[in-house]
Amino acid sequence: MVVDPDKIHLFEDRSIFEELPEACPFFRHDQKTGKAYCTVHLTRPDICREYACWRLLILDFRGRRAGRIMYQRYFISDDTTLTQLWEQCINKIDESDDAVWEEEMIRILTKAGYTILR
Ligand code: SF4
């Protein structure tokens, strides 16, 4: 595996391990954009290509992948409508308990027609 040329600056920032000590060594979170990254995306292992590193999978009403949740709350979107819903509703959930936050997030997305696979 090789760190992607456009993600070297992210890879060099190891602060994620203070919050998530057991995270994959190549996982990074960009504090400025709020996005999560695999810093070896271009050369990631086969197991990652097959299973992806998500904890929760969000499907749209057609059963297509609309987004993923990595670790506790890192959201990766494949769907602009879901991105808007996330920004308007999920980002406004004021809850520090991850389990309570997750139930509320799932309730909102389910009501909007999405299916969440754990
Ligand atoms: S895709 Fe694989 S290599 Fe990349 S961050 Fe996730 S677990 Fe790590």
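This text goes with the structure placed above it.
A brief look at the structure comes next. (Residues numbered from 1 in each chain as written. Predicted model: local features only at pLDDT ≥ 70, side-chain atom pairs only at ≥ 80, totals over all residues.)

1. Section: the site of the ligand
Reasoning step 1: Every residue lining the ligand is accounted for by Cys24, Phe26, Phe27, Cys38, Val40, Arg44, Cys48 and Cys53.
Reasoning step 2: Residue classes in the shell around the ligand are distributed as seven nonpolar, no polar and one charged. (Near = placed C-beta within 6 Å. Nonpolar A, V, L, I, M, F, W, Y, C, P; charged D, E, K, R; others polar.)

2. Remarks on the nonpolar core
Reasoning step 1: Leu10, Ile16, Phe26, Phe27, Ala36, Tyr37, Cys38, Ile69, Met70, Tyr74 and Phe75 form the largest nonpolar core, which has 11 residues in total.
Reasoning step 2: Of all the secondary structure elements, the ones that give two or more residues to this core are strand 2 (35-38), strand 4 (65-70) and strand 5 (74-77).
Reasoning step 3: Looking at which element gives the most residues to this core, the answer is strand 2, with three residues.
Reasoning step 4: When residues of this core are assigned to domains, at least three fall in each of domain 1 (5-51) and domain 2 (56-117).
Reasoning step 5: Residues in contact with Ile69, not counting those within four places in the same chain, are Trp54, Arg55, Leu56, Tyr74 and Phe75. (Core = buried A, V, L, I, M, F, W, Y, C linked by C-beta atoms within 7 Å. Buried ≥ 20, exposed ≤ 12 C-beta atoms within 10 Å, placed from the backbone. Helix = DSSP H or I, 4+ residues; strand = E, 2+ residues; numbered from the N terminus. Domains from an automatic or database assignment. Contact = placed C-beta atoms within 7 Å.)

3. What about the pairing of strand 2?
On a regular strand, each side chain points to the face opposite its neighbour's, so the side chains alternate between the two faces of the sheet.
Reasoning step 1: Inspection of the sheet shows strand 1 (residues 27-30) paired to strand 2 by four bridges, in the antiparallel sense. Residue Asp30 lies in a different strand from strand 2, and its bridge partner there is Lys35.
Reasoning step 2: With antiparallel pairing between neighbouring strands as the criterion, strand 1 and strand 2 make up a hairpin whose turn holds four residues, including Gly34 at a positive phi of roughly 80°. (Pairing = 2+ DSSP bridges.)

4. Observations regarding the sheet that holds strand 4
Reasoning step 1: Read from one edge to the other, the open sheet built from four strands follows the order 5-4-3-6, with strand pairing classed as antiparallel. Each of the sheet's edge strands pairs with one partner strand only, and the pair in question is strand 5 and strand 6 (115-117). Averaged over all neighbouring strand pairs, the angle between strand axes comes to 20°, with direction disregarded.
Reasoning step 2: Where strand 3 (residues 56-59) and strand 6 come together, three bridges link them in antiparallel fashion. Paired with Leu57 across the strands is Leu117, a residue of strand 6.
Reasoning step 3: Together, strand 3, strand 4 and strand 5 form the strand contacts of helix 4 (residues 80-88), whose direction differs from that of strand 5 by roughly 150°. (Axes fitted to C-alpha atoms, helices over the stretch in contact; angles between N-to-C directions.)

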